Amino acid sequence: MELVLFRHGIAEEPSAERDDADRRLTRRGVERTRLACVGLARVCDRPEAVISSSKARARQTAAMLGLVFDLEPEVWPSLAGEQVEPVLERLRERDAGVLLLVGHEPMLSELVVRLCTPAAGGGGIEMKKAGAACVEAGLGRNEPRTAGRLRWLLPPRVLRTLGEGPA
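Below, the structure is looked at part by part. (Residues numbered from 1 in each chain as written. Predicted model: local features only at pLDDT ≥ 70, side-chain atom pairs only at ≥ 80, totals over all residues. Heavy atoms only, no water.)

**Let's talk about helix α3 (residues 85-92)**
In an α-helix, one turn spans 3.6 residues, which is why side chains three or four residues apart end up on the same side. Within the span of α3, buried status applies to Val-87, Leu-88 and Leu-91. Here the buried residues of α3 occupy an arc of 100° about the axis, which is enough to place them on one side. (Buried < 20%, exposed > 50% of the residue type's maximum accessible area, 1.4 Å probe, protein only. Helix = DSSP H or I, 4+ residues; strand = E, 2+ residues; numbered from the N terminus. Arc of directions from axis to C-beta.)

**Brief notes about the pattern of salt bridges**
Scanning the model with the defined rule gives 12 salt bridges in all. Glu-85 is the partner of Arg-92 in a salt bridge, and the nearest nitrogen-oxygen pair spans 2.8 Å. Between Arg-141 and Asp-95 there is a salt bridge, with its nearest N and O atoms 3.1 Å apart. With Arg-141 in the loop between β5 (132-138) and β6 (146-154) and Asp-95 in the loop between α3 and β4 (98-103), this pair connects stretches of sequence that are 46 residues apart. Bridged by salt links that share partners, the residues Asp-20, Arg-23, Lys-55 and Arg-57 form one connected network. (Salt bridge = Lys/Arg side-chain N within 4 Å of Asp/Glu carboxyl O.)

**Section: the packing of α3 against helix α4 (residues 107-116)**
Between α3 and α4, the least distance of the axes is 10 Å, while the angle of their chain directions is 60°. In terms of their interaxial angle, α3 and α4 are classed as oblique. As for how α3 packs across α4, the hand of that crossing is right-handed. On the side of α3, the interface is formed by Glu-85, Val-87 and Leu-88, while α4 contributes Met-107, Leu-111, Arg-114 and Leu-115. Class assignment of the residues belonging to the contact of α3 with α4 gives a composition of 5 nonpolar, no polar and 2 charged. (Axes fitted to C-alpha atoms, helices over the stretch in contact; angles between N-to-C directions. Parallel < 35°, antiparallel > 145°, perpendicular 65-115°, else oblique. Left-handed = near helix turned anticlockwise from the far one by under 90°. Contact = heavy atoms within 4.5 Å. Nonpolar A, V, L, I, M, F, W, Y, C, P; charged D, E, K, R; others polar.)

**Some words on the packing of helix α1 (residues 27-43) against helix α5 (residues 156-164)**
Running from N to C, α1 and α5 cross one another at 80°; their axes reach a closest spacing of 6 Å. Considering the angle they form, α1 stands roughly perpendicular to α5. Contacts between α1 and α5 involve Arg-32, Leu-35, Ala-36, Val-38, Gly-39, Leu-40, Arg-42 and Val-43 from the former and Leu-159, Arg-160, Leu-162, Gly-163 and Glu-164 from the latter. Its residues assigned to classes, the contact of α1 with α5 comprises 7 nonpolar, 2 polar and 4 charged.

Structural data, given as structure tokens:
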């Protein structure tokens with residue numbers, strides 16, 4: 001299984017008047033994330049699915065990725081949480097292939113570390129907003145279990161630069 005992990009773009013600031021799950025991308029976040037999505041498509045194999053957190057900013061980001069890859073995003077509420085294990089359980093139910101997960105920090109970075117190191121508990125990976133990582137791991141229903149291998153980690157600036165270039 002190949003997992004491409006994409007952190008949502010720049011979102012509205014937290015506010016006492018609004019639930020965190022309802023925070024949306026800012027105008028700048030939409031513009032920059034759209035470019036990063038196009039850039040991602042230039043370095044990433046087409047996924048079989050785009051799977052999003054249930055939070056508004058992640059769903060917006062997933063919708064942009066869905067347009068780029070011509071896929072209708074799925075929503076997994078577990079991607080909105082802080083725990084890695086519920087996401088791993090869902091992944092173990094899937095067949096091998098390429099999946100694009102859209103979520104939040106620190107869970108996405110923790111997922112990369114958990115997949116790529118035998119012992120859980122931190123690491124030196126941080127995903128910036130509208131940044132992406134790709135991990136290959138034996139997780140799928142019909143795959144032998146293998147440790148993950150980080151294939152790439154791209155900051156948003158690189159993805160935006162790729163998104164601005166000629167097709």
